[in-house]
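# Survey of secondary and tertiary structure
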Amino acid sequence: MGNRLSKIATRTGDGGTTGLGDGSRTDKDSVRIHSIGEVDELNSHIGLLLCEDMPAELREELVTIQHDLFDLGGELCIPGYQMITEAHVERLDALLAKYNATLPALTEFILPAGSRAASQAHVCRTVCRRAERAIVTLGKAETIHEHPRQYVNRLSDLMFVLSRVLNRYAGGSDVLWQHERKRG
């Protein structure tokens, strides 16, 4: 996986390019770098979510997801390399089934609100959707494996489900959208 960083400020990016994991250089505004940045931002938001109170098992699962996202960034920074596999996607499918089974069926849209942890999970969901769009765009411009796209698609669904779980953990429930609510 290349050398570990020993020097952060190298000045090699001062001209608007950055190094990829295979040693090549690309523009800092390329679709590949954009995708890597979106995944990095998502990982940072999950780190912020981990500052909140939550069940210990869920905390460990989110830490595992953070490691997966770091691997995903690694895959994106080395063209042709694969780190995210079907097993990663299946793990998220299992988590979705596990946590969704504890929740009542939705009868209405919900607002991204409630507890601070649930609201942060919604922020993670929306950033994850943005990362997914960036990876889709990258896949149109360059050949990439399908599992990164599938992984972030499942992860955004999981973050939605976890927002509901976290609202209940905090003693609340879903904040329902009131489509007939008077505005103004």
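Computed from a predicted structure; not experimentally measured.

What counts and what doesn't
Residues numbered from 1 in each chain as written. Predicted model: local features only at pLDDT ≥ 70, side-chain atom pairs only at ≥ 80, totals over all residues. Heavy atoms only, no water. Helix = DSSP H or I, 4+ residues; strand = E, 2+ residues; numbered from the N terminus. Buried < 20%, exposed > 50% of the residue type's maximum accessible area, 1.4 Å probe, protein only. Contact = heavy atoms within 4.5 Å. Core = buried A, V, L, I, M, F, W, Y, C linked by side-chain atoms within 4.5 Å. Patch = residues over 30% accessible without salt bridge, like charges linked within 9 Å, V, L, I, M, F, W, Y side chains within 5 Å. Areas by Shrake-Rupley, 256 points an atom, 1.4 Å probe, with all protein chains shown as cover. Salt bridge = Lys/Arg side-chain N within 4 Å of Asp/Glu carboxyl O. Axes fitted to C-alpha atoms, helices over the stretch in contact; angles between N-to-C directions. Parallel < 35°, antiparallel > 145°, perpendicular 65-115°, else oblique. Left-handed = near helix turned anticlockwise from the far one by under 90°. Nonpolar A, V, L, I, M, F, W, Y, C, P; charged D, E, K, R; others polar. Expected span 1.5 Å × (residues − 1).

## Details of the overall build of the protein chain
Assigned secondary structure in the protein chain consists of five helices and two strands. For the protein chain, the α and β elements follow one another from N to C terminus as β-β-α-α-α-α-α. Its C-alpha atoms put the protein chain at 55 × 40 × 30 Å along the principal axes. Taking all 184 residues of the protein chain together, the buried fraction comes to 38%. Contacts in the protein chain between residues at least 24 apart in sequence constitute 73% of all its contacts with a sequence separation of at least 6.

## Describing the nonpolar core
Considering soluble globular proteins, one finds that nonpolar side chains tend to be buried as a cluster. Residues Leu49, Leu62, Ile65, Leu69, Tyr151 and Leu155 are the most contacted members of the largest nonpolar core, which totals 40 residues. Every element with two or more residues in this core is listed here: α1 (31–49), α2 (56–77), α3 (86–100), α4 (116–141) and α5 (147–169).

## Quick notes on a nonpolar patch on the surface
Taken together, Phe109, Leu111 and Trp177 make up a surface patch of nonpolar side chains, about 310 Å² in accessible area. The topology assignment puts Trp177 in the segment after α5.

## Points about the environment of Arg116
Inspection of the secondary structure puts Arg116 in helix α4. The spatial distance from the C-alpha of Arg116 to the C-alpha of Leu49 is 8.8 Å, given a sequence separation of 67 residues.

## What to know about the pattern of salt bridges
Inspection of every chain in the model, using the stated rule, returns 12 salt bridges. Between Arg130 and Glu38 there is a salt bridge, and its shortest N-O distance comes to 2.6 Å. Of this pair, Arg130 sits in helix α4 while Glu38 is found in helix α1, placing the two residues 92 residues apart along the sequence. What makes Glu38 buried here is its relative accessible area of 6%. Residues Glu132 and Arg129 are paired through a salt bridge, measuring 2.9 Å at the closest nitrogen-oxygen approach. Separated by three residues within a single helix, Glu132 and Arg129 lie in helix α4, roughly one turn from each other.

## Considerations on the packing of α2 against α3
Two quantities define a packed helix pair, namely the angle between the axes and the distance from one axis to the other. Two elements in contact, α2 and α3, have axes whose closest approach is 12 Å; the angle formed by their N-to-C orientations is 155 degrees. Judged by the inter-axis angle, α2 sits roughly antiparallel to α3. Crossing of α2 against α3: the hand is left-handed. Taking contact as the criterion, the partners of Glu57, Leu58, Glu61, Thr64, Ile65 and Asp68 in α2 are, on α3, His88, Arg91, Leu92, Leu95, Lys98 and Tyr99. In terms of residue class, the contact of α2 with α3 is made up of five nonpolar, two polar and five charged.

## Regarding the packing of α2 against α5
At a minimum axis separation of 12 Å, α2 and α5 run at an interaxial angle of 155 degrees. As far as their axial angle goes, α5 and α2 are roughly antiparallel. For the crossing formed where α2 meets α5, the hand is left-handed. Counted together, Leu58, Leu62, Ile65, Asp68, Leu69, Leu72 and Glu75 of α2 and Pro148, Tyr151, Val152, Leu155, Leu158, Met159, Leu162 and Leu166 of α5 form the full contact between these two elements.

## Details of α2
Here α2 is 22 residues long and its end C-alpha atoms lie 32 Å apart, about the 32 Å a rise of 1.5 Å per residue gives. Turning to α2, its buried residues number three or more, namely Leu58, Glu61, Leu62, Ile65, Gln66, Asp68, Leu69, Leu72, Gly73, Gly74, Glu75 and Leu76. Those residues of α2 hidden inside the fold are in contact with α1, α3, α4 and α5.

So, to be careful, I would describe these as geometric facts and stop short of saying anything about function.
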